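# Breakdown of the fold
This is what each chain is made of:
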Amino acid sequence: MRVFENNVQLLKHKVLKEVARSAFQGTLERDLPSIPERIIQGPEAETRCCIYKERAIVNERVKLALGGDGDRKNNIQVIDIACDDCPVDRYKVTDACRGCLAHKCLAACPFGAIRIIDKKAVIDPGLCRECGKCAEACPYGAIGENQRPCMRACKAGAIRIDGETKKASILEEKCVQCGACVYQCPFGAIMDKSQILEVALELGKRRAAPGGYPRMYAVIAPAISSQFTYAKIGQVVEGIGRLGFHSVVEAALGADIVAWEETRGVLSELAHKDFVTTSCCPAFVDHIRKEFPELADRISTVASPMVATARLVKSTDPQARVVFIGPCTAKKAEAAQESLGDAVDHVITFEELQALLDALDIRVEECGEGLLDNASYYGRIFARSGGVTEAVLHVAATLEPGRELAAYACDGLEECGKMLTLGKMGRLPYDFLEGMACKGGCICGPASLSHGKKDKNEVDKYARLSMEEDVAAAVRVFGCLQGK
Amino acid sequence: MVVQICIGSSCHLKGSYKVIEAMQRHVKENGLEEAVQIKAAFCLGECTRGVSVRVDEGPVESVQPENVRAFCAARFSKA
């Protein structure tokens, strides 16, 4: 059975499941007004002042589950009434301050923000620049750090706190929709807009008329390998089929295609570029475009594995409806880019997949085992940090044996930013830079079902199960189809 | 004539690539490029009987790497 990691995840799940269930039953309009009461039954409030506020918050979640406000482009939205006005001042002097003689904090502060009042240190929030030097200097460790979890999580610097209301808001010009804040807010006050309604409605039609058109295809991210800890991947594949999908295809196959094309691109582009970056992580790509626009031409022009797989599916079935399922909130924005046309019709997350399964009472742990095997080891390891690099080096060794390629994999926006800064200064000592916005890579994505210590070995183990040994073997079928 | 060969997981494991490769070879050797178009499909719905192959709008047939040559000889024609 699925075990929820915390109540935020559970509440989100309940909302998504209710919306999906009503959509499948065709009773959404009738059910909508009663969803908040069904989820918050009372009579005692659990986390807020009263059940009425709790229900009001659930109502906002329902709106986001239905797709949210179409005028607001960003898929990541703060639920204002759920934002609990966490403390704004990052550094505070605690009761442990002894009022000593040395006042090392006073000397350490470069901004003159510390004053001594009644022998004890006091930080002037108006002057404090949150450098943390005072906390380091205090021999008693009496200066505490208390940063809002959303701000701590957001390495893009996209969270702003309103001075008066103390509510969080998102700076659109910085946000890359990585979803770190969604996962990190302990009140669940930031949520990703969902496409679960459209997907459930389309699947509902297919379930009512099996074998009909247009067919629905599920493209599954390889990060699935560390997700359904209570069932086998084959059982999850079978469960997805029971939802009404015609076929389940691994995005890792697209990753193999990407590895092949990207390596060819890198090897030729290095003739006139100092380095090239990956393009598979949409949040990383967006971060470059927003913070390092001068490096935009270094981004690989190859499509992401999601898009490559979707295009492949549509080349075999032009009417196909493709739903990408992964751990990522940024993929929702990537799929919506106008330049991609309608390659990917919908993006849902593993959380939303779980909600769809539960809405139809499909227990994957009781399903038979379906098959999912098209990609190679290298396509599958794209799910973890370092995987793309390994794949590209492997293809490079196949295409141009003996050619030296200096590659580096960075994960987490913070490290990516450091490497890109070096790149901007022309001092990046690498030819190829892999960037993943999530620390650890996609297996640690924000919309994962399990955020436990992700064993990279779990992905590698799954990757080694693939029939095709390498990228060339996985992609040879397409060359053959083209008569090459 | 359009020939669809399933490259979904089940058929892939049973040798889709070998079937496609053999069909392409047959087409080339017999000058059938104009008459026979070989295409891939993700699942023809007969996963237990792969490798699934469908000629035009006909039924889904089962072809193995072992009998693909005979299949081509019998079914592919210039007409």
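Residues numbered from 1 in each chain as written. Chains lettered and ligands numbered in written order. Predicted model: local features only at pLDDT ≥ 70, side-chain atom pairs only at ≥ 80, totals over all residues. Heavy atoms only, no water.

### Brief notes about the overall build of chain A
- Within chain A one finds 20 helices and 15 strands.
- A compact globule built from 484 residues would reach a C-alpha radius of gyration of about 23 Å, and chain A, at 25 Å, matches this within 12%.
- Structurally, chain A occupies a C-alpha span of about 85 × 65 × 40 Å along its principal axes.
- Each of the 484 residues in chain A was classed as buried or not, and the buried ones make up 55%.
- Put simply, chain A shows about 21,500 Å² of open surface, and 50% of that area lies on carbon and sulfur atoms.
- Across chain A, 62 positive and 66 negative side-chain charges occur, with their mean positions spaced 3 Å apart. (Helix = DSSP H or I, 4+ residues; strand = E, 2+ residues; numbered from the N terminus. Rg over C-alpha atoms; globule rule 2.2 N^0.38 Å. Buried < 20%, exposed > 50% of the residue type's maximum accessible area, 1.4 Å probe, protein only. Areas by Shrake-Rupley, 256 points an atom, 1.4 Å probe, with all protein chains shown as cover. Lys, Arg positive; Asp, Glu negative; His and termini not counted. Charge placed at Lys NZ, Arg CZ, Asp CG, Glu CD.)

### Points about the packing of aromatic side chains
- For the structure shown, the criterion picks out 4 aromatic pairs over all chains.
- Centre to centre, the rings of Tyr408(A) and Tyr430(A) are 4.9 Å apart; their planes meet at 20°, and the pair counts as stacked. You can see Tyr408(A) sitting in strand S14 (residues 407–411) and its partner Tyr430(A) sitting in the loop between helix H18 (413–424) and strand S15 (432–436), a full 22 residues away along the chain.
- The exposure class of Tyr430(A) is partly exposed, given its relative accessible area of 22%.
- Between Phe71(B) and Phe76(B) the ring centres are 6.3 Å apart and the planes differ by 80°, which places this aromatic pair in the edge-to-face class. Across the pair, exposure class does not vary: Phe71(B) and Phe76(B) are buried alike.
- Here Arg207(A) stacks its cationic end above the ring of Phe24(A), 5.9 Å away from the centre of that ring.
- Here the guanidinium or amino end of Arg380(A) rests over the ring plane of Tyr462(A), the centre of that ring lying 4.1 Å away. (Phe/Tyr/Trp six-rings, centres within 6.5 Å; stacked < 30°, edge-to-face > 60°. Lys NZ or Arg CZ within 6 Å of the ring centre and 35° of its normal.)

### Topic: the sheet that holds strand S1 (residues 2–6) of chain B
All names here are of chain B.
- The strand order across the open sheet built from 4 strands is S2-S1-S3-S4, with neighbouring strands paired in mixed fashion. Each edge of the open sheet carries a strand with a single partner, namely strand S2 (37–41) and strand S4 (60–62). Each neighbouring strand pair of the sheet contributes to a mean axis angle of 30°, computed without reference to strand direction.
- The pairing of S1 with strand S3 (residues 52–55) spans 3 bridges and is antiparallel. Counterpart to Ile-5 in the pairing with S3 is Val-53.
- Against the sheet, helix H2 (residues 16–29) engages S1, S2 and S3, with an angle of about 160° to S1. (Pairing = 2+ DSSP bridges. Axes fitted to C-alpha atoms, helices over the stretch in contact; angles between N-to-C directions. Contact = heavy atoms within 4.5 Å.)

### Observations concerning the side chain of Ser247(A)
- Along the polypeptide, Ser247(A) turns up in strand S10 (residues 247–250).
- Setting aside its immediate chain neighbours within four residues, Ser247(A) contacts Met216(A), Tyr217(A), Ala218(A), Phe42(B) and Cys43(B).

### Regarding empty space enclosed by the protein
Residue and element names in this part refer to chain A.
- Inspection of the entire model under this criterion finds 9 cavities of 30 Å³ or more.
- Estimates place the volume of the largest cavity at around 330 Å³.
- In this structure, the largest cavity is lined by 27 residues; those nearest its centre are Cys-280, Phe-324, Lys-331, Phe-382 and Cys-442.
- Mapped onto the lining of the largest cavity, the elements with two or more residues apiece are helix H11 (251–269), helix H12 (282–291) and helix H13 (305–316).
- The leading source of residues in the lining of the largest cavity is H11, at 3 residues.
- Among the residues forming the lining of the largest cavity, the class breakdown is 23 nonpolar, 3 polar and 1 charged.
- For the second largest cavity, the calculated volume is near 120 Å³.
- Taken together, 15 residues form the lining of the second largest cavity, with Cys-97, Cys-100, Cys-105, Ala-121 and Cys-138 sitting closest to its centre. (1 Å grid on protein atoms, 1.4 Å probe; cavity = no way out; pocket = protein on both sides within 12 Å on 5 of 7 lines; lining within 4 Å. Points joined across faces, edges and corners; volume = space filled by probe spheres on them. Nonpolar A, V, L, I, M, F, W, Y, C, P; charged D, E, K, R; others polar.)

### Focus on helix H19 (residues 456–464) of chain A
All names here are of chain A.
- If you check which residues of H19 are buried, you get Val-459, Asp-460, Tyr-462 and Ala-463. Seen along its axis, H19 keeps its buried residues to an arc of 160°; they face one direction.
- Lining the buried residues of H19 we find helix H10 (233–242), S10 and helix H16 (377–380). (Arc of directions from axis to C-beta.)

### A short note on the packing of H2(B) against helix H3 (residues 68–75) of chain B
Residue and element names in this part refer to chain B.
- Put simply, H2 and H3 touch, their axes get as near as 9 Å, and they point 40° apart. By the angle between their axes, H2 is oblique relative to H3. Considering how the two elements wind past one another, H2 and H3 form a crossing that is right-handed. Together, Val-19, Ala-22, Met-23, Arg-25 and His-26 of H2 and Val-68, Arg-69, Phe-71, Cys-72 and Ala-73 of H3 make up the contact between the two elements.
- Residues belonging to the contact of H2 with H3 are distributed by class as follows: 7 nonpolar, 1 polar and 2 charged. (Parallel < 35°, antiparallel > 145°, perpendicular 65-115°, else oblique. Left-handed = near helix turned anticlockwise from the far one by under 90°.)

### Re the environment of Glu60(A)
All names here are of chain A.
- Tracing the sequence through the fold places Glu-60 in helix H4 (residues 51–65).
- Put simply, Glu-60 and Ile-79 are 19 residues apart on the chain and 6.8 Å apart in space, counted from C-alpha to C-alpha.
- Setting aside residues no more than four positions away along its own chain, Glu-60 makes contact with Ile-79 and Ile-81.

### Comments concerning the pattern of salt bridges
Residues and elements named next belong to chain A.
- Enumeration according to the criterion identifies 34 salt bridges over all chains in this entry.
- Across the salt bridge formed by Arg-298 and Asp-297, the nearest N and O atoms sit 2.9 Å from each other.
- Taking the relative accessible area as the measure of exposure, Asp-297 reaches 43% and is therefore partly exposed.
- Through salt bridges with shared partners, a single network forms among Lys-12, Asp-192, Lys-332, Glu-351 and Glu-352. (Salt bridge = Lys/Arg side-chain N within 4 Å of Asp/Glu carboxyl O.)

### With respect to the interface of chain B and chain A
- The interface is formed by 18 residues belonging to chain B together with 21 residues belonging to chain A.
- Interface of chain B and chain A: buried area, both sides summed, is about 1,800 Å²; carbon and sulfur atoms make up 64% of it.
- The largest share of the area that chain B buries against chain A comes from His12(B), Tyr17(B) and Phe42(B), three residues that together contribute 40% of it.
- At the surface where chain B touches chain A, the tally comes to 0 salt bridges.
- Counting the contacts that link chain B with chain A gives 6 residue pairs in polar contact (both at pLDDT 80 or more).
- Of all the elements in the fold, those that place two or more residues in the side of chain B that touches chain A are helix H1 (9–14), H2 and S2 of chain B. (Buried area = accessible area lost by both parts, 1.4 Å probe. Polar contact = N/O pair within 3.5 Å; in protein donor to acceptor, adjacent residues only side chain to side chain.)

### A word on the domain arrangement of chain A
- We note that the domain assignment places domain 1 (1–66), domain 2 (91–145) and domain 3 (197–475) within chain A.
- Averaged C-alpha coordinates put domain 2 of chain A and domain 3 of chain A at centres separated by 47 Å. (Domains from an automatic or database assignment.)

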